[in-house]
Amino acid sequence: MSQIRKDLEDLTTQILVDNDLMYKAPIDVISLANLYDIKVYGIKTKNEISGAITYDKDEDYFEILVNTNNAKTRQRFTIAHELGHYFLHKEMLKDSNMHIDALYRTTTDMKNVDTKELEKEVDYFAGALLMNRELLEKLSKEYGIEELAKIFDVSTSAVIVRMKVLGLLC
Ligand SMILES: [Zn+2]
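Residues numbered from 1 in each chain as written. Predicted model: local features only at pLDDT ≥ 70, side-chain atom pairs only at ≥ 80, totals over all residues.

(A) How the structure looks around helix H3 (residues 72–94). Over its 23 residues, H3 extends only 28 Å from the first C-alpha to the last, a length that falls short of the 33 Å expected when each residue adds 1.5 Å. Along its length, H3 reaches its greatest deviation from straightness, about 85°, at Leu88. (Helix = DSSP H or I, 4+ residues; strand = E, 2+ residues; numbered from the N terminus. Expected span 1.5 Å × (residues − 1). Bend = angle between axes of the 7 residues up to and from the residue.)

(B) Inspection of the packing of helix H1 (residues 3–18) against helix H4 (residues 115–130) at higher detail. Taken N-terminus to C-terminus, the directions of H1 and H4 make an angle of 45°; their axes are 9 Å apart at the nearest point. Taken as axis vectors, H1 and H4 run oblique relative to one another. Handedness of the H1/H4 crossing: right-handed. Mapping the contact onto sequence places Ile4, Arg5, Leu8, Glu9, Thr12 and Ile15 in H1 and Glu121, Tyr124, Phe125, Ala128 and Leu129 in H4. Here the contact of H1 with H4 is composed, by residue class, of seven nonpolar, one polar and three charged. (Axes fitted to C-alpha atoms, helices over the stretch in contact; angles between N-to-C directions. Parallel < 35°, antiparallel > 145°, perpendicular 65-115°, else oblique. Left-handed = near helix turned anticlockwise from the far one by under 90°. Contact = placed C-beta atoms within 7 Å. Nonpolar A, V, L, I, M, F, W, Y, C, P; charged D, E, K, R; others polar.)

(C) Focus on unusual backbone geometry. Of note, the amide linkage connecting Ala25 to Pro26 takes the cis form, showing an omega dihedral of -5°. One non-glycine residue, Tyr23, lies in the positive phi region at around 65°. Topologically, Tyr23 is positioned in the loop between H1 and helix H2 (29–35). Residue Tyr23 is classed as exposed on the basis of its C-beta count, with 12 C-beta atoms lying within 10 Å. Unusually for a residue other than glycine, Asp153 sits at a positive phi of about 55°. With respect to the helices and strands, the residue Asp153 is situated in the loop between helix H6 (145–152) and helix H7 (156–165). Judged by the 17 C-beta atoms lying within 10 Å of it, Asp153 is partly exposed. (Buried ≥ 20, exposed ≤ 12 C-beta atoms within 10 Å, placed from the backbone.)

(D) Region of interest: H4. Relative to the 22 Å expected for 16 residues at 1.5 Å per residue, H4 spans 22 Å between its end C-alpha atoms, a close match to the ideal helical length. Lining the buried residues of H4 we find H1, H3, helix H5 (133–139), H6 and H7.

(E) Quick peek at the packing of H6 against H7. Viewed as axis vectors pointing N to C, H6 and H7 meet at an angle of 105°, and their least axial separation amounts to 8 Å. Classified by the interaxial angle, the pair formed by H6 and H7 is roughly perpendicular. Every residue of H7 that contacts H6 at Ile145, Glu146, Leu148, Ala149 and Phe152 is listed here: Thr156, Val159 and Ile160. Split by residue class, the contact of H6 with H7 holds six nonpolar, one polar and one charged.

Set out below in structure tokens:
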């Protein structure tokens, strides 16, 4: 496992421990965001936007928007993804107005950064936050993918990606 991934495992585990959420599933990502004074708003839009995170310079707070037209599991992953931006790129976001995540596309005015790499890291963060490594390793000995998806309230494809990355699935 690369150093970046190790760091992301450590960071997400620390966030869960700090908030007494270790070994819990599913993780309530909205309540978790609220604990960091981040409000989460649903937006109903037919376009391809999955979510966004914005920083209000005047009031000094972050807000997450999520497209409620998407499946519930997708919305949870999006919120976890936006939380990833908060924990990993807080200072960068403070200099930009809004970070928008859409299908195949990310819009942001973060300059001189490889956004593709950032998005990959943030997706890794989201998977690790929703499916803590230790808990997933333990539960995957007892349950199949469909059941794990229900336990963690994520899509089956999210379970598969996470299990592959942890070497729990070939
Ligand atoms: Zn993003």
